[in-house]
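# Coordinates in review
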Amino acid sequence: QKEVEQNSGPLSVPEGAIASLNCTYSDRVSQSFFWYRQYSGKSPELIMSIYSNGDKEDGRFTAQLNKASQYVSLLIRDSQPSDSATYLCAVISAGNMLTFGGGTRLMVKP
Amino acid sequence: NAGVTQTPKFRILKIGQSMTLQCAQDMNHNYMYWYRQDPGMGLKLIYYSVGAGITDKGEVPNGYNVSRSTTEDFPLRLELAAPSQTSVYFCASSELSSYNEQFFGPGTRLTVL
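Remember, predicted model here, so these are calculated numbers, not experimental data.

Criteria and cut-off values
- Every chain's residues receive numbers from 1 upward, in the order its sequence appears when written.
- Chain labels run from A onward and ligand labels from 1 onward, assigned in the order the entries are written.
- pLDDT decides what is reported in this predicted model: residues at 70 or higher carry local features, side-chain atom pairs at 80 or more are listed and counted, and totals for whole chains, interfaces and linings draw on all residues regardless.
- To obtain the side-chain values, all non-hydrogen atoms of the structure were included, while hydrogens and water were left out.
- Residues enter a nonpolar core if they are buried and are Ala, Val, Leu, Ile, Met, Phe, Trp, Tyr or Cys, with the set joined through side-chain atoms within 4.5 Å.
- For every residue, the accessible area obtained with a 1.4 Å probe (protein chains only) is divided by the maximum for its type, and the residue is called buried under 20%, exposed over 50%, and partly exposed between those limits.
- The numbering of helices and of strands both runs from the N terminus, where a helix is a DSSP run of H or I of at least 4 residues and a strand a run of E of at least 2.
- The contact rule is simple, with two residues in contact once any of their heavy atoms fall within 4.5 Å.
- Note on terminology: disulfide denotes any pair of cysteine sulfur atoms within 2.5 Å.
- Using a 1.4 Å probe, buried area is obtained as the accessible area two parts lose upon being combined, added over both of them.
- Each reported salt bridge corresponds to a side-chain nitrogen of Lys or Arg within 4 Å of a carboxyl oxygen of Asp or Glu.
- By the criterion applied in these results, polar contacts are pairs of N or O atoms within 3.5 Å in which, for protein atoms, one can donate a hydrogen and the other can accept it, and in which residues neighboring in sequence qualify only through two side-chain atoms.
- For Phe, Tyr and Trp, rings pair up if their centres lie within 6.5 Å, where Trp contributes its six-membered ring, and each pair is then called stacked (planes under 30 degrees apart), edge-to-face (over 60) or tilted (otherwise).
- Each ring is checked for a lysine NZ or an arginine CZ that lies within 6 Å of its centre and within 35 degrees of its normal; such an atom marks a charge sitting over the ring.
- Being paired, for any two strands, means DSSP has found at least two bridges between them.

Here we come to the nonpolar core. Trp-35, Val-72, Leu-74, Ile-76 and Tyr-87 of chain A are the most contacted members of the largest nonpolar core, which totals 23 residues. Elements that contribute at least two residues to this core include exactly strand S3 (19–25), strand S4 (32–38), strand S5 (45–50), strand S7 (61–66), strand S8 (71–76), strand S9 (85–92) and strand S11 (104–109) of chain A. The contact partners of Leu-74 of chain A, leaving out residues within four places of it in the chain, are Ala-19, Ser-20, Leu-21, Trp-35, Ile-47, Met-48, Phe-61, Thr-62, Ala-63 and Tyr-87 of chain A. In this structure, Val-4, Leu-76, Leu-78 and Tyr-89 of chain B belong to the second largest nonpolar core, which totals 19 residues.

What follows concerns the state of the cysteines. Residues and elements named next belong to chain B. A full pass over the atoms with the stated rule returns two disulfides over all chains. For Cys-23, the disulfide goes to Cys-91, at an S-S distance of 1.8 Å. Disulfide Cys-23 to Cys-91: torsion about the S-S bond roughly -70 degrees, handedness left-handed. On the criterion of sequence distance, the pair formed by Cys-23 in strand S3 (residues 19–25) and Cys-91 in strand S9 (residues 87–94) is long-range, its members being 68 residues apart. Here Cys-23 and Cys-91 have matching classes, each one buried.

Every contact between the two is made by 19 residues of chain B and, on the other side, 18 residues of chain A. Summed over both sides, the interface of chain B with chain A buries roughly 1,500 Å², with 60% coming from carbon and sulfur. For the chain B face of the interface with chain A, the top three residues by lost area are Leu-43, Tyr-99 and Phe-104 of chain B, together amounting to 37%. Linking chain B with chain A are zero salt bridges. Taken together, the connections running from chain B to chain A amount to three residue pairs in polar contact (both at pLDDT 80 or more).

Once that is clear, we can look at the pattern of salt bridges. Residue and element names in this part refer to chain A. Throughout the structure, instances matching the rule amount to six salt bridges over all chains. Of the charged contacts, one joins Asp-83 and Arg-60 as a salt bridge, the two residues approaching to 2.9 Å between their closest N and O atoms. Note that Asp-83 is positioned in the loop between S8 and S9 and Arg-60 in the loop between strand S6 (54–58) and S7, a separation of 23 residues in sequence. Accessibility expressed as a relative area gives 27% for Arg-60, which makes it partly exposed.

Before going further, it helps to examine the side chain of Arg-36 of chain B. Its location among the elements puts Arg-36 of chain B in strand S4 (residues 31–37). A distance of 2.9 Å separates the side chain of Arg-36 of chain B from the side chain of Asp-38 of chain B, its partner in a polar contact.

Following the criterion strictly, the structure yields 11 aromatic pairs over all chains and no others. Judged by centre distance (4.8 Å) and plane angle (45 degrees), the rings of Tyr-25 of chain A and Phe-33 of chain A are tilted. Judged by relative accessible area, which is 6%, Tyr-25 of chain A ranks as buried. Taken together through their ring pairs, the aromatic side chains of Tyr-36 and Phe-100 of chain A together with Tyr-31, Tyr-33, Tyr-35, Phe-90 and Phe-104 of chain B make up a single cluster. One Lys or Arg, Arg-60 of chain A, reaches over the ring of Phe-61 of chain A and ends 5.6 Å from the middle of that ring.

So, on to the sheet that holds S6 of chain A. Residues and elements named next belong to chain A. Read across the sheet, five strands follow the order S1-S3-S8-S7-S6 without closing on themselves; strand pairing throughout is antiparallel. Unpaired on one side and paired on the other, strand S1 (4–5) and S6 mark the two borders of the sheet. The sheet contact formed by S7 and S8 spans six bridges and is antiparallel. In the strand pairing of S8, Gln-64 is matched with Ser-73.

This is the structure:
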């Protein structure tokens, strides 16, 4: 059973702080990793993708991948109330289809 | 570009009824997908298609059927609706493969009573 695990939260951080979202996956052959953001009542939208070990930065977002530990994370710097959403980790495994985690709800308090 | 569109937005069905959820995309994407999302859960893949005339099962296909007669359209058919099919259904598309960004439609909220 291929699984993607996330803490459901909510993760509460004050405005301006760094939010750290974590994800673990069970399939060692996984090669591609994605973070989607989903506002309440809306559809998911892609915010980051990462394919190699290490860090990938895009504006206030940094994705981190450690394939040896089967761990991927998303850091949001200078968190804003508009970042309050559910963040879905998604992994492409054998079969070449996306498997989603259950999502972590982030709340950024002014 | 409208992107990915879905109809209807909301629907209430009685147990045993059937319906078709419509999905269309105007981005000329080859890959299309149907997911369901239960409250507080991630998305689970129901069916996908890699091109017109080609469909395949995902993780949770039981109780559903799909067809792909054109590149643009990918309808999802529910036969004999059951309360377990109460969920939010999302259609998505991607350009060349599942490795590309998936673009999601606005979703259909379905309740089976």
